[in-house]
Amino acid sequence: MLTRAGFPRRPRIVPGDRLVLYASVWRRIFGVVEAVGEPEVVDHPRWPWAIAVEPLLVVPRLSDAPPVQGAGVAPRSMSQQSHVSITASQYERAVEVLGSVAR
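Each value, and the rule that gives it
Residues numbered from 1 in each chain as written. Predicted model: local features only at pLDDT ≥ 70, side-chain atom pairs only at ≥ 80, totals over all residues. Heavy atoms only, no water. Helix = DSSP H or I, 4+ residues; strand = E, 2+ residues; numbered from the N terminus. Rg over C-alpha atoms; globule rule 2.2 N^0.38 Å. Buried < 20%, exposed > 50% of the residue type's maximum accessible area, 1.4 Å probe, protein only. Contact = heavy atoms within 4.5 Å. Areas by Shrake-Rupley, 256 points an atom, 1.4 Å probe, with all protein chains shown as cover. Lys, Arg positive; Asp, Glu negative; His and termini not counted. Charge placed at Lys NZ, Arg CZ, Asp CG, Glu CD. Pairing = 2+ DSSP bridges. Polar contact = N/O pair within 3.5 Å; in protein donor to acceptor, adjacent residues only side chain to side chain.

Enquirer: Can you help me understand the overall build of the protein in this one?
Expert: A count of helices and strands for the protein gives 1 helix and 5 strands. Ordered by position from N to C terminus, the α and β elements of the protein give β-β-β-β-β-α. For the protein, the C-alpha radius of gyration of 13 Å lies close to 13 Å, the compact-globule estimate for 103 residues. Here the protein holds 103 residues, and 31% of them are scored as buried. In the protein, once contacts between residues fewer than 6 apart in sequence are set aside, the share between residues at least 24 apart is 57%. Total accessible area on the protein is roughly 6,500 Å²; 51% of this is exposed by carbon and sulfur atoms. Charged side chains of the protein number 12 positive and 9 negative; the gap between the two group centres comes to 10 Å.

Shown next as structure tokens:
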């Protein structure tokens, strides 16, 4: 069960924010979650910051996840970091494409 999202530095996220989750190696979006806690430091070498999340839409198998282009985000914008801000219309597109394959 997806309960946390990790970050390489302190995220500017507050409870109630919604996040589209992105698998960078595969360049696919795989879920939408809502932040339900404040950022906190965790013991992880790559993702030292985490935030508690509530899953809203999650693709059960990464192989079924839609490409990031499905949300209207160019993969090259994700190449240097796995976290970018998206527009309201990109969020809506992500929810739409994830809704067709997520639970």
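Enquirer: In this structure, what is going on with the pairing of strand E1 (residues 4-7)? I would like to understand it.
Expert: Side-chain positions along a regular strand alternate between the two faces of the sheet. On E1, burial follows the alternation: Ala5 and Phe7 on one face are buried, whereas Arg4 and Gly6 on the facing-out side are not. As defined by bridge partners, E1 adjoins strand E5 (residues 49-58) across 4 bridges and the pair is classed as antiparallel. Note that in E5 the partner of Ala5 across the bridge is Ile51.

Enquirer: Is there a simple way to think about the pairing of E5 in this case?
Expert: Sheet analysis places strand E3 (residues 28-35) next to E5, joined by 5 bridges and oriented antiparallel. The partner of Ala35 across the bridge, within E5, is Val53. Of the pairings in the sheet, the one linking strand E4 (residues 40-41) to E5 comprises 2 bridges and is antiparallel in character. Each residue of the ladder has a partner; that of Val41, found in E5, is Trp49.

Enquirer: What is the right way to read the environment of Ser63 from this model?
Expert: Within the secondary structure, Ser63 sits in the loop between E5 and helix H1 (88-99). On the basis of relative accessible area, Ser63 is assigned to the exposed category, the value being 55%. It is 8.8 Å that separates the C-alpha atoms of Ser63 and Trp26, two residues lying 37 residues apart in sequence.

Enquirer: Just checking my understanding: could you explain the side chain of Gln90 for this structure?
Expert: Following the sequence through the fold, Gln90 ends up in helix H1. Looking at Gln90, its side chain comes within polar contact range of the main-chain oxygen of Gly72, at 2.9 Å. Of the polar contacts made by the side chain of Gln90, one reaches the backbone nitrogen of Thr87; its length is 2.8 Å. Ignoring sequence-local partners within four residues, the contact set of Gln90 consists of Ala71, Gly72 and Val73.

Interpretation note: all reported values are geometric properties and have no functional meaning in isolation.
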